[in-house]
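For reference, the chains in residue letters:
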Amino acid sequence: RERKRERRRRLSAVFKEPSREDKRALRIALRMGGLHLIGLGLGNEKDITVNALEAIRDKCAHVYLENYTSVLAASPSKLEEFYGKKVTICDRAFVESNGVDGMLTQAEKEDVAFLVVGDCFAATTHSDLVLRAHEKKVKVKTYYNASIMNACAGSGLQLYNFGKTVSLCFFTPTWKPDSFYDSIKMNKVNGGLHTLVLLDIRVKEPTVEALCTGKKIYEPARFMSVSTAARQMLYVENEVRKEGVYDEDSIVVATARVGQEDERFISCTLKEMCRVNAGGPLHSLILVGTEVHELEENMLKHYRAKPEDFYPEGEEPESQYLEDGVL
């Protein structure tokens, strides 16, 4: 009998009961589901990677499209047709109504895809979503893709010659932010680096009346053009900062609809850019640095603006502002 007790003690030492923490970790490891953070690239529904496409088709029970920081050159219906899954649009109202929390709750038990135009962690980061997923013990799998942050190299300007990227917002009569100017200045001081300027996107933004009354009233969708951006940059230099970081003769490159069939790169001076018609959105602008490689110079000449790239003489670019007297 004593030998049997000793044997049981030895077996229990080897096969001991798991602790509560060990059991919880095992349940999490075996739990089905997870969040698939998927970059869609810059073109259309077919720019998705093969791995990401297989994850959507074969694993994901729910598919969400982030639609408030960028837009894709394909409608949600095109995505649904190609992916074979219903796509739920995530606009600002979705985020503000705790829709993200509901999505993460689904991801605790089922596979959920969250689609992002471009790359998930490039021009627009989604680190907060990842952190919230980890708080809920939801597994996250990331599928990377092209972004304007690397596709701007299609202009011929070399990526390692770029400095800090800046964003440019639509001005209003009472609000003309100029913080971007300091980053451009830093890029110039630190080796004459190029600056990628990301231009404002206003999709389903509530009006002032909506903010005051709680009504669902939205501004018309607006996508800043390179001509509007050029005028705002010159206003800040000439009327506000006056430090000579750039001027009317500074060389800039317009990037339009990068990754799509009709993408454009157009180089000219900043003053000339005020009259460039680069076509439909999305646009970005590159302020060329003071140190330019010979190959870069040749590419800038290759993309030099042609007469047909400008608005006709006597025709002004249409104002993108909601109020008069902004500039």
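These numbers were taken from a predicted model, which means no experiment stands behind them. (Residues numbered from 1 in each chain as written. Predicted model: local features only at pLDDT ≥ 70, side-chain atom pairs only at ≥ 80, totals over all residues. Heavy atoms only, no water.)

Student: Just checking my understanding: could you explain the pattern of salt bridges for this structure?
Tutor: Inspection of every chain in the model, using the stated rule, returns 12 salt bridges. For the salt bridge of Arg241 with Asp178, the shortest nitrogen-to-oxygen distance reads 3.6 Å. Taken as a pair, Arg241 in helix α11 (residues 226–241) and Asp178 in the loop between β6 (166–168) and α9 (180–189) lie far apart in primary sequence, 63 residues in all. Between Arg241 and Glu243 there is a salt bridge, and its shortest N-O distance comes to 3.3 Å. Through salt bridges that share partners, Asp178, Asp182, Lys185, Arg241 and Glu243 make up one connected network. (Salt bridge = Lys/Arg side-chain N within 4 Å of Asp/Glu carboxyl O. Helix = DSSP H or I, 4+ residues; strand = E, 2+ residues; numbered from the N terminus.)

Student: I tried to follow the packing of α9 against α11 on my own but got confused; where do I start?
Tutor: When two helices pack together, their arrangement is captured by the angle between the axes and the distance separating the axes. Two elements in contact, α9 and α11, have axes separated by 11 Å at closest approach and are oriented at 95°. The angle between the axes of α9 and α11 places the two elements in the roughly perpendicular class. From α9, Phe180, Tyr181, Asp182 and Ile184 reach across to α11, where they touch Met233, Val236, Glu237 and Arg241. Residue composition of the contact of α9 with α11, grouped by class: 5 nonpolar, no polar and 3 charged. (Axes fitted to C-alpha atoms, helices over the stretch in contact; angles between N-to-C directions. Parallel < 35°, antiparallel > 145°, perpendicular 65-115°, else oblique. Contact = heavy atoms within 4.5 Å. Nonpolar A, V, L, I, M, F, W, Y, C, P; charged D, E, K, R; others polar.)

Student: Explanation requested: the state of the cysteines in the structure shown.
Tutor: The bond known as a disulfide is covalent and runs between the sulfur atoms of two cysteines. Scanning the entire structure with this criterion turns up 0 disulfides. Just so you know, Cys169 is unpaired, no disulfide at all, and the nearest cysteine sulfur is the one on Cys274, 18 Å from it. For the unlinked cysteine Cys268, the closest cysteine sulfur is that of Cys274, found at 8.8 Å. (Disulfide = S-S within 2.5 Å.)

Student: Please explain the sheet that holds strand β7 (residues 195–199) as it appears in this structure.
Tutor: Strand order in the open sheet made by the 5 strands is β6-β7-β12-β10-β11, with mixed pairing throughout. The open sheet is flanked by β6 and β11 (264–269), the only strands paired with a single partner. Strand-to-strand, the axes of this sheet are offset by a mean angle of 25°, without reference to chain direction. In this structure, strand β10 (residues 251–256) lies alongside β11, joined through 6 bridges in antiparallel fashion. From the neighbouring strand, Ala256 faces β11, where its bridge partner is Arg264. Packed on one face of the sheet, α9 meets β6, β7 and β12 (283–287) and runs near 145° to β6. (Pairing = 2+ DSSP bridges.)

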